[in-house]
Amino acid sequence: MIVGANGSGKSTLLRALARLIRPEAGTVTLDGVDIHTLPTKALAQTIGLLPQQPIAPDGVTVMDLVGRGRHPHQQWFRSHSTEDDRIVAEALRATETLELADRHVDELSGGQRQRVWIAMALAQQTEILLLDEPTTFLDVSHQLDVLDLLAELNRERGCAVVMVLHDLNLAARYADHLIVLGEGRILAEGAPATVLTQELALEAFGLDAVIIDDPISGTPMVIPRSRQHR
């Protein structure tokens, strides 16, 4: 898992990886092939993207929206198969949104909508999943549920997960490889234990902080100093 944190270039990086924009320099390759030379359907079967603020069509139900994740795997003359229905139901269960299947997306809370969008991304069943701040609108409990789900997807299905997060402690807990962006450039990258330092927190985030071991995960935990404790 790669997690990008901070910096104006974070979403631009994901958009370049998803072929929504061309990089200003260099190329983005997939298995050694420039992604801009790949057929759109082939790319959609390999890379899934969940943007920061996705927009659902008016009047679409949860089941219909999640079902759209199956489109890259279907022929133009075929409708949903039994296998598609099974995968959609599995994605809904995994995100705890199965009971919302018949609801209209525009009736849902922000947190419910976010979980439904993640369900659609899961239903796409790609080898690579790009997510721009997937924990937006979620309470702490559901943030952990979503990140646990993505970690399981990475571990058990071998899906590469590329995520942008703002929460440094969640990034440190869930990332295998951490990239810290600032002012459109990479400030540091590597294992969280080597990347997250007091010096980096100050440089990248203007944050005066102490770094300790998370008592649960053993990963770095960033403890900011308030003015009254300096």
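For the structure, check the block above.
Residues numbered from 1 in each chain as written. Predicted model: local features only at pLDDT ≥ 70, side-chain atom pairs only at ≥ 80, totals over all residues. Heavy atoms only, no water.

So, the pairing of strand S8 (residues 185–190)
Of the pairings in the sheet, the one linking strand S7 (residues 177–182) to S8 comprises 5 bridges and is antiparallel in character. For leucine 181, the partnering residue across the bridge sits in S8 and is isoleucine 186. Between S7 and S8, which pair antiparallel in sequence order, lie 2 residues; one of them, glutamate 183, sits at a positive phi of approximately 55 degrees. (Pairing = 2+ DSSP bridges. Helix = DSSP H or I, 4+ residues; strand = E, 2+ residues; numbered from the N terminus.)

Digging into the pairing of strand S9 (residues 209–213)
Inspection of the sheet shows S9 paired to strand S10 (residues 220–224) by 5 bridges, in the antiparallel sense. Paired with valine 210 across the bridge in S10 is isoleucine 223. Hairpin connection, S9 to S10: the antiparallel pair is bridged by 6 residues, and glycine 218 has positive phi, about 80 degrees.

Remarks on the nonpolar core
Among the nonpolar cores identified, the biggest contains 49 residues, and Val62, Val66, Leu129 and Leu150 are the most heavily contacted of them. Per-element tally for this core: the top contributor is helix H5 (residues 110–123), with 8 residues. Not counting residues up to four positions away in its chain, the partners in contact with leucine 150 are Leu129, Leu131, Pro134, Val161 and Met163. One finds Leu14, Leu30, Ile128 and Val162 within the second-largest nonpolar core, a separate group that totals 11 residues. (Core = buried A, V, L, I, M, F, W, Y, C linked by side-chain atoms within 4.5 Å. Buried < 20%, exposed > 50% of the residue type's maximum accessible area, 1.4 Å probe, protein only. Contact = heavy atoms within 4.5 Å.)

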